[in-house]
Amino acid sequence: MVSDSLWIFGTSRSGKTTRLVNQFNDWLKIGNQVFASFYTKNINNQKNQPIVKTSNLRQREAGILLLAANDDKRRELADLIASLTLGKYPIRVKTALGFFQDEVTLFWPLLIDSLSLKAQFPVRLRPEMEQELATKLWSSHLDVEILRRVGINESRLVRRILDLWQLAAYSGVRCEEIPQILQSGLENDSINLEPEFLGFLLLNWRNWCLERGLLTYGLITELYHQQLLTHDSYQQHLKQRYQGIIADDVDDYPAIAANLFEFLLDSGAVGAFSYNPQGAIRWGLGADPQYLSRLAGRCQVENLTDPPLDSLASSLTNQMVELVTQPMIMLRLPTSVQAIQTTSRAQLLRQTAETIIEGIKSGKVAAEEVAIIAPGLDAIARYTLVEILTKQNIEVTSLNEQRPLISSSVVRALLTLMALVYPGLGRLVDRDAVAEMLVVLSQQRTQDGEEKEFHHSRIDPVRAGLIADYCFVPHPDTPDLLPVKTFERWDRIGYLATQAYEEILHWLEEQRSQYQQRLLLTPIFLLYKAIQDFVSNDKNPSYQELAALRELLETAQHYWEIDTRLKQTDPLLLSLHTPETLNITIAEFIQLLRRGTITANPYPVRPIGNSRKAVTLATIFQYRASRKNHRWHFWLDIGSPLWAKGGAATLFGATLFLRDRLGQPWTAEDEQLAEEQRLEKIVADLLARVSDKLYLCHSDLAVNGQEQIGPLLPLVHSCEVV
């Protein structure tokens, strides 16, 4: 019997997503009345019974589960389908983990009953809070001797242990089985810790979270696969809700997604899946493309393997892969590939930027048609490229730039302000922090004759330093700022700076007074008020500032939500809080941010209208995950060995939890083969995403002064040098 399900096997940019959307449209035409009945009932809670009967859409409510590999693709797929259906149906597209999280939250009462949990609504833990709380819980077990034996600091060890649980949950392995997998798969005890000890820590953490209703990504994934997907009641709900599955780029899905798909297919649902053999971007981070590929045997297979006509892939992929895999071969690449070669990396960055400037200024290419792709972008390279290009009025946008939140001067200023309002936080304030706060909070908007907007500080850095030197009074409990006339030569400060300083003083006094009268509700309210009065009062913050401010508020809200839950469940908890501890809580919140574990990456806001006219700057992983394409590519640090790693570090123990080799040791031969395969996929994938020109940017010496002799170096020797 031929299956009605569809398996779309296609290379990068071969039309897989478009084919999926068309398949959705076909289903909609076949069972339009069925889908309309389902959605009408879903919205209006009416008990309509569908009257249309088709081969695969049975005579009951019909729904489709729509999944994408990541959040960017989720929004893109949702837009395509909404456009196709003219917004007639409330389509929701989720990532696999997003779907698991929604299901665990929705069916939490069922889990309360089956696991005998305390009846309380679950609260999701963000990764930084998960690490913070796990570190507190395990502090008595991870002593100095254990850390010395492992050879990494406490923070990295905690993250590594938590990641093991996440990887196990992705592969369908129970938490209790992790020690056995580690015992059989880790040769020479590479973590220097007993697997049973790691299992004890993880079970302790899992039970602690369940008792308090705290959901981590690892717990969400495990609960969904181990508890919900095997529960009879949930299975019945799942069958009734979904008769179709559309899943894009399943090569980036965890193994348990295949178990979900197989259950629905066994229940009579029809599916459409796309799979990219050049993808597997998240391999080593939880994806299991080999396990997902077995679904092809249950579907009709469509092959879309022709490279895009507007890309360099058709003419270059075979040649470049051959050069990489057989370095001794003599090939000459066409003129569409050129090399930028220098001795030092500083020269390389400047020459790369100048080539981009020349191309844009001469009209050969537009800024939004250029992408700079690197295996890793250190702060120096990022700053250098942005600085050179922006001085020529060429904007640069960084894809998913994971900069620590504390790197924002506005965030640092607001944290200093908090430490000056609440008592007991004086050790978190120093002279330099006060001076920076005065500069940042005194900014205002001005316009020149051409109506261009500029921001300037009424208190410049020199005056801010003088005020901090003479008016700031350090104190462990009540640090203070004195009136400006405390400074003997206060007349040197100037009228504008004096006025701005007095406004800040008045604001501080007002907030302290409200705190003493218990009118200042929460630290989150203080942050909102400070942002309103100082940051957004007389100027429009930049997008970068807005992203940082939004993430700060989201983090603060999450932090105090967890604080409230912990106090409700265990008032004697010796972790983040003690009974009289608002100020201690604020101190630990500030210290958490200062450790740099939280990045300015809030819920994304998409631009309205045309995309920003800017050069794209990204790592290999970020660029491939975004599925973008450009006319010109600049592959930076082409001689770096990190190209074989795909621009992303493989999580410790990730290969142990691949379903086709569960618990098997990962040998040096396995690693070499995996790097070769990954390198071929990267080259083929990126070539499919560039249409006109490819520049291979190579410096003989890396940023640390070492010679660069990575696996892609033969490409440089086979093309013309600029």
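These lines cover the structure that appears in this document, whether it is placed above or below. In this text the structure is predicted, and so the values were computed from the model without any measurement. (Residues numbered from 1 in each chain as written. Predicted model: local features only at pLDDT ≥ 70, side-chain atom pairs only at ≥ 80, totals over all residues. Heavy atoms only, no water.)

## Some thoughts on the overall build of the protein
And then number 1: For the protein, the count of helices and strands is 27 helices and 19 strands.
And then number 2: At a minimum sequence separation of 6, the contacts of the protein that also span at least 24 residues come to 78%.
And then number 3: Taken as a whole, the protein presents about 32,700 Å² of accessible surface, with 51% of it coming from carbon and sulfur. (Helix = DSSP H or I, 4+ residues; strand = E, 2+ residues; numbered from the N terminus. Contact = heavy atoms within 4.5 Å. Areas by Shrake-Rupley, 256 points an atom, 1.4 Å probe, with all protein chains shown as cover.)

## Some remarks on unusual backbone geometry
Trans peptide bonds make up the majority, and among non-glycine residues the majority have a negative phi.
And then number 1: Phi is positive for N393, which is not a glycine, with a value near 60°.
And then number 2: Tracing the sequence through the fold places N393 in the loop between helix 17 (379-391) and strand 11 (396-398).
And then number 3: Residue D637 is not a glycine yet carries a positive backbone phi of 50°.
And then number 4: Relative to the assigned elements, D637 resides in the loop between strand 17 (630-635) and helix 26 (668-687).

## Remarks on the environment of D252
And then number 1: With respect to the helices and strands, D252 occurs in the loop between strand 6 (244-247) and helix 13 (255-266).
And then number 2: Expressed as a C-alpha distance, the spacing of D252 and A69, which sit 183 residues apart in the sequence, is 5.9 Å.
And then number 3: Not counting the four nearest positions on each side in its chain, D252 is found in contact with A69, A280, I281, R282, A287 and R627.
And then number 4: For D252, the side chain forms a polar contact with the main-chain nitrogen of R282, separated by 2.9 Å.
And then number 5: A distance of 3.2 Å separates polar atoms of two side chains, one belonging to D252 and the other to R627. (Polar contact = N/O pair within 3.5 Å; in protein donor to acceptor, adjacent residues only side chain to side chain.)

## With respect to the pattern of salt bridges
And then number 1: This structure, assessed with the given rule, holds 45 salt bridges.
And then number 2: One salt bridge in this structure joins K136 and E588, with 3.9 Å as the shortest N-O distance. With K136 in helix 6 (residues 127-138) and E588 in helix 24 (residues 582-594), the pair connects residues that are 452 residues apart, well separated along the chain.
And then number 3: Where R212 meets E211, a salt bridge forms, and the shortest distance between an N and an O atom there is 3.2 Å.
And then number 4: The network of salt bridges with common partners includes D71, D72, R74 and R75. (Salt bridge = Lys/Arg side-chain N within 4 Å of Asp/Glu carboxyl O.)

## Brief notes about the sheet that holds strand 6
And then number 1: Strands sit in the order 3-2-6-7-1-8 across an open sheet of 6 strands; the sheet is parallel. Each having just a single partner strand, strand 3 (93-95) and strand 8 (300-304) make up the two edges of the open sheet. Within this sheet the neighbouring strands show an average axis-to-axis angle of 20°, counted without direction.
And then number 2: Where strand 2 (residues 64-68) lies against strand 3, 3 bridges are found, and the strand directions are parallel. Paired with L66 across the two strands is V93, which belongs to strand 3.
And then number 3: Docked against the sheet, helix 1 (residues 16-30) engages strand 1 (6-10), strand 2, strand 6, strand 7 (270-275) and strand 8, running at close to 170° with respect to strand 7. (Pairing = 2+ DSSP bridges. Axes fitted to C-alpha atoms, helices over the stretch in contact; angles between N-to-C directions.)

## Examining the packing of helix 22 (residues 523-535) against helix 23 (residues 543-569)
And then number 1: With their axes 9 Å apart at the nearest point, helix 22 and helix 23 run at an angle of 165° to one another. In terms of their interaxial angle, helix 22 and helix 23 are classed as roughly antiparallel. The chirality of how helix 22 crosses helix 23 is left-handed. Facing P523, I524, L527, Y528, I531 and V535 of helix 22, the residues of helix 23 in contact are L549, L552, L553, A556, Q557 and W560.
And then number 2: Along the lines of polarity and charge, the residues of the contact of helix 22 with helix 23 split into 11 nonpolar, 1 polar and no charged. (Parallel < 35°, antiparallel > 145°, perpendicular 65-115°, else oblique. Left-handed = near helix turned anticlockwise from the far one by under 90°. Nonpolar A, V, L, I, M, F, W, Y, C, P; charged D, E, K, R; others polar.)

## Points about the sheet that holds strand 18 (residues 690-699)
And then number 1: Strand order in this open sheet of 7 strands is 11-16-10-17-18-9-19, and the pairing throughout is parallel. Sheet topology places strand 11 and strand 19 (720-721) at the edges, where each strand pairs with a single neighbour.

## Some details on the packing of aromatic side chains
And then number 1: Within this structure, the stated rule accounts for 24 aromatic pairs.
And then number 2: With 6.2 Å between their ring centres and 50° between their planes, Y253 and F261 make a pair best called tilted.
And then number 3: Grouping aromatic residues by their ring pairs yields a cluster made of W7, F9, Y253, F261, F273 and Y275.
And then number 4: Note that R659 overlies the ring of Y291, its terminal NZ or CZ placed 5.7 Å from the centroid. (Phe/Tyr/Trp six-rings, centres within 6.5 Å; stacked < 30°, edge-to-face > 60°. Lys NZ or Arg CZ within 6 Å of the ring centre and 35° of its normal.)

## Here we look at the environment of T105
And then number 1: The residue T105 is located in helix 4 (residues 96-106) in this model.
And then number 2: Relative accessible area serves as the criterion here: at 27%, T105 is assigned to the partly exposed category.
And then number 3: As a C-alpha pair, T105 and R124 span 19 residues in sequence and 9.3 Å in three-dimensional space.
And then number 4: Of note is the side chain of T105, whose polar atom sits 2.9 Å from the backbone oxygen of Q101. (Buried < 20%, exposed > 50% of the residue type's maximum accessible area, 1.4 Å probe, protein only.)

## What about the pairing of strand 7?
And then number 1: Strand 7 sits mainly inside the fold: 6 of its 6 residues count as buried.
And then number 2: Here strand 7 shows a buried face lined by V270, A272 and S274 and a second buried face lined by G271, F273 and Y275.
And then number 3: For strand 6 and strand 7, the ladder comprises 4 bridges, and the chain directions are parallel. Residue pairing in the sheet places G244 in a bridge with V270 of strand 7.
And then number 4: Regarding the hand of the β-α-β motif, the stretch spanning strand 6, helix 13 and strand 7 is right-handed. (Right-handed = clockwise from strand over helix to strand, strands pointing away.)

## Considering the packing of helix 4 against helix 5 (residues 108-115)
And then number 1: At a minimum axis separation of 5 Å, helix 4 and helix 5 run at an interaxial angle of 65°. As the angle between them shows, helix 4 and helix 5 are arranged roughly perpendicular. Residues V104, T105 and L106 of helix 4 form the contact with helix 5, whose own contacting residues are W108, P109 and L111.
And then number 2: Considering only residue class, the contact of helix 4 with helix 5 consists of 5 nonpolar, 1 polar and no charged.

## Quick word on the pairing of strand 10 (residues 370-374)
On a regular strand, each side chain points to the face opposite its neighbour's, so the side chains alternate between the two faces of the sheet.
And then number 1: Among the 5 residues that make up strand 10, 5 are buried, leaving the element largely enclosed by the rest of the structure.
And then number 2: Residue alternation in strand 10 divides its side chains into two sets, V370, I372 and A374 and A371 and I373, and both sets are buried.
And then number 3: In the sheet, strand 10 pairs with strand 17 via 4 bridges, with the strands oriented parallel. Among the inter-strand pairings, A371 is bridged to a residue of strand 17, identified as H633.

## What about the environment of A247?
And then number 1: Note that A247 resides in strand 6.
And then number 2: The exposure class assigned to A247 is buried, which follows from its relative accessible area of 0%.
And then number 3: Excluding residues that lie within four positions of it along the chain, A247 makes contacts with L20, L67, Y253, F261, A272, F273 and S274.

## Re the side chain of E222
And then number 1: Structurally, E222 can be placed in helix 11 (residues 217-228).
And then number 2: Taking the relative accessible area as the measure of exposure, E222 reaches 7% and is therefore buried.
And then number 3: At 3.3 Å, the side chain of E222 and the backbone nitrogen of C175 are in polar contact.
And then number 4: With sequence-adjacent residues up to four places away left out, E222 is seen in contact with W165, A169, V173, R174, C175, R206 and Q227.

Function-wise, these values are silent; they only describe arrangement.
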